[in-house]
Amino acid sequence: MRFILQSSTSSDLIKNVANIVDQLMDIEEEICSAFSTPELVLAVVEGMKQVGVVWSEAAESLLHILTLVRTTAEDSSCLALHRESVFSLVTDFLHSLCDCAMVTLESKETVLASCYCILSAVVMAPPSDDGIELIEQNSSAITFALKIVEAIRQQRRRLSRLSRRSEEHKKLTETLTARQPHSTINVSEKPANSEERVNAADKRVDGDLSASEESDVDGRARTERLAKASDNGQADDSCQADDSCQRSLSDSTESTEILREQILDFFRNVLLALPKEQMSPVYALLNSSKSSYLHQLLRLLQDGAPECISAIAAVAALRGTGLHALRDALKHVQTTKVSLPEDNKEEEKQL
């Protein structure tokens, strides 16, 4: 199988073999350990070159194989033997996904998590100085990680908002389906009729409709639609849709949190591997980053790796470093209380 991955010119064949190897390594730990060799890493690198460093099912399977190698190979020695090739491969792949003004996750959480899992292993594999040198020479991994941190923030808020709406819809549906077939809805306000919704639409255009009025009209309109659906025997379909939505939200939330942990692990490994209280191109890059990206990174580190905050602060305090933006960002984050995504409703309305 290694020979096919390394030598085949057929992308379809590489995809099929990569899927088989990925599944075998994921099923049994002993198989994974037996497969995790420098030869397999080289075969994956060559196979990736053949299928192209853009997202595809084959590329995702090949990258996941490398993450499995990392979990079994002691000290990531297999990856270290091909450090430069693996680093170049992963950063090129990240270019295809993240080289844009704003990164959106859109079901890319798993493959992005694989990328940063691999990069963390490459950085930490002994000697770690070689890994840091790669990061300092090619800062794209950090640049893209900063964009992903911002994308994660947006994704978590979106999922939180959708989860609340799904729960509200589910409760309302359960209430309506529990009615007798010909009973009426017991609500304090009558459903919004067509004329009322037209007037509300006019007010929206003119900017005269308040948030509470808009919510009231929309809420009663939804109630009316659900009531009709219940009376027409569509309640079961609605319940099935709710269950499907909940599963989808759960899967998206889980994959987003896994990606968040991998990004956190990557920054922790990089920052703690840097020479203590010494200037580095990594700090200069952070200092020149967008303030919003920098704030989100520092909040992530403050929450999951406070030792990194101390390391950054120690370097930012050195004279002559010129890390003014980094110092200001540290002060801002340390003095600002951050609301949880589900509590920050006002900002959600602006998204």
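My aim in this report is to walk through the structure given alongside it, one point at a time. In this text, all values refer to a predicted model and were calculated from it rather than measured experimentally.

## Quick word on the pattern of salt bridges
Okay, step 1: Counting across every chain of the model gives seven salt bridges.
Okay, step 2: Measuring nitrogen to oxygen at the nearest pair gives 3.7 Å for the salt bridge that ties Arg70 to Asp265. Placement of the pair is Arg70 in helix α5 (residues 57-72) and Asp265 in helix α13 (residues 235-273), with a sequence separation of 195 residues.
Okay, step 3: We note a salt bridge from Asp265 to Arg268, for which the minimum N-O separation is 3.2 Å.

## A look at the nonpolar core
Okay, step 1: By size, the foremost hydrophobic cluster in this structure holds 85 residues, and its most contacted members are Tyr116, Ile142, Ile263, Phe266, Phe267 and Leu301.
Okay, step 2: Here this core gets 10 residues from one element, more than from any other, and that element is helix α8 (residues 109-124).
Okay, step 3: Setting aside residues no more than four positions away along its own chain, Ile263 makes contact with Tyr116, Ala145, Ile148, Val149, Ile152 and Leu300.

## Focus on the packing of aromatic side chains
Okay, step 1: Evaluation of the coordinates by the stated rule reveals two aromatic pairs.
Okay, step 2: Both rings, one in Tyr116 and one in Phe266, keep their centres 5.0 Å apart while their planes meet at 70 degrees; by these two values the pair is edge-to-face. Of the two residues, Tyr116 is situated in helix α8 and Phe266 in helix α13; the sequence distance between them amounts to 150 residues.
Okay, step 3: Classification of Tyr116 as buried rests on a relative accessible area of 0%.
Okay, step 4: A relative accessible area of 0% means that Phe266 is categorised as buried.

## Describing the packing of helix α15 (residues 291-304) against helix α16 (residues 306-316)
Okay, step 1: Put simply, α15 and α16 touch, their axes get as near as 5 Å, and they point 125 degrees apart. One finds that α15 runs oblique with respect to α16. Along its contact with α15, which presents Leu298, Leu301, Gln302 and Gly304, the element α16 presents Pro306, Cys308, Ile309 and Ile312.
Okay, step 2: Class assignment of the residues belonging to the contact of α15 with α16 gives a composition of six nonpolar, two polar and no charged.

## Considerations on the environment of Asp265
Okay, step 1: Judged by relative accessible area, Asp265 falls into the buried class, the value being 19%.
Okay, step 2: Between the alpha carbons of Asp265 and Leu119 there is a distance of 10.0 Å; along the sequence they are 146 residues apart.
Okay, step 3: Residue contacts for Asp265: discarding those within four places in its chain leaves Arg70 and Ser120.

Procedures and definitions
- Residues numbered from 1 in each chain as written.
- Predicted model: local features only at pLDDT ≥ 70, side-chain atom pairs only at ≥ 80, totals over all residues.
- Heavy atoms only, no water.
- Salt bridge = Lys/Arg side-chain N within 4 Å of Asp/Glu carboxyl O.
- Helix = DSSP H or I, 4+ residues; strand = E, 2+ residues; numbered from the N terminus.
- Core = buried A, V, L, I, M, F, W, Y, C linked by side-chain atoms within 4.5 Å.
- Buried < 20%, exposed > 50% of the residue type's maximum accessible area, 1.4 Å probe, protein only.
- Contact = heavy atoms within 4.5 Å.
- Phe/Tyr/Trp six-rings, centres within 6.5 Å; stacked < 30°, edge-to-face > 60°.
- Axes fitted to C-alpha atoms, helices over the stretch in contact; angles between N-to-C directions.
- Parallel < 35°, antiparallel > 145°, perpendicular 65-115°, else oblique.
- Nonpolar A, V, L, I, M, F, W, Y, C, P; charged D, E, K, R; others polar.

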